[in-house]
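This is what each chain is made of:
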Amino acid sequence: MEFEIKEWAATEKVGSAYSFVHHGKFHGVLETKVGAYRGDHVHPFDQYTLLLKGKASNYLYVDGERVEAPLELGKVAVVPAGVPHILVPEEEIFTFEWWDGDFIADVCEGIFDDLIEGRVGPLD
């Protein structure tokens, strides 16, 4: 069994991030700073997030409504395929994430603009 860990989606303002592919599934280990966000996109595969440190919420856009889903330390949160989402930390966080396939993300426009305002994200 062999895999290569690479730097991924990391910026000085957002936080460090590393990724690897194992058995055809994309995995990420991410640090996200206060004042940053991750996401504002949608995936064709389910996404799983394990919060290892800090406090944060996923915001999901389901059936035309935005739903806040606070993450719990040590508990896996699932964002179903096709659901627009954004991850917003309340304090510095450390997460382990994986998808049921490759990392493919299409940007969401206009859904989470108020949550992005005044924050930095992976595309900044």
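In what follows, the structure referred to is the one given above.
Model, not experiment: these values are computed from the prediction.

Asks: How would you explain the pattern of salt bridges if you had to name every residue and give the values?
Replies: If charged atoms from side chains of opposite charge come close, those side chains can pair. Under the defined criterion, the tally for this structure stands at five salt bridges. Linking Lys55 and Glu90 is a salt bridge whose minimum nitrogen-to-oxygen distance equals 3.7 Å. Separated by 35 residues along the polypeptide, Lys55 in the loop between strand S5 (47-53) and strand S6 (56-62) and Glu90 in the loop between strand S9 (85-89) and strand S10 (93-99) bring together distant segments of the chain. What makes Lys55 partly exposed here is its relative accessible area of 44%. Put simply, Arg66 and Asp114 hold a salt bridge, and the shortest N to O gap is 2.8 Å. Taken together, the residues span a long stretch of sequence, with Arg66 in strand S7 (residues 65-70) and Asp114 in helix H1 (residues 113-116) at a distance of 48 residues. Of the residues examined, Arg66 reaches a relative accessible area of 36% and is grouped as partly exposed.

Asks: Break down the side chain of Arg38 for me, citing the residues and quoting the values.
Replies: For Arg38, the location among the structural elements is in strand S4 (residues 38-42). One buried charged residue, Arg38, forms no salt bridge at all, with the nearest opposite charge on Glu31 at 6.6 Å. Of note is the side chain of Arg38, whose polar atom sits 2.8 Å from the backbone oxygen of Glu31. Here Thr32 takes part through its side chain, which lies 2.9 Å from a polar atom of the side chain of Arg38. Beyond its immediate chain neighbours, meaning those up to four positions away, Arg38 contacts Ala9, Val14, Gly15, Ser16, Ala17, Leu30, Glu31, Thr32, Ile86, Leu87 and Pro122.

Rules of the game
- Residues numbered from 1 in each chain as written.
- Predicted model: local features only at pLDDT ≥ 70, side-chain atom pairs only at ≥ 80, totals over all residues.
- Heavy atoms only, no water.
- Salt bridge = Lys/Arg side-chain N within 4 Å of Asp/Glu carboxyl O.
- Helix = DSSP H or I, 4+ residues; strand = E, 2+ residues; numbered from the N terminus.
- Buried < 20%, exposed > 50% of the residue type's maximum accessible area, 1.4 Å probe, protein only.
- Lys, Arg positive; Asp, Glu negative; His and termini not counted.
- Polar contact = N/O pair within 3.5 Å; in protein donor to acceptor, adjacent residues only side chain to side chain.
- Contact = heavy atoms within 4.5 Å.

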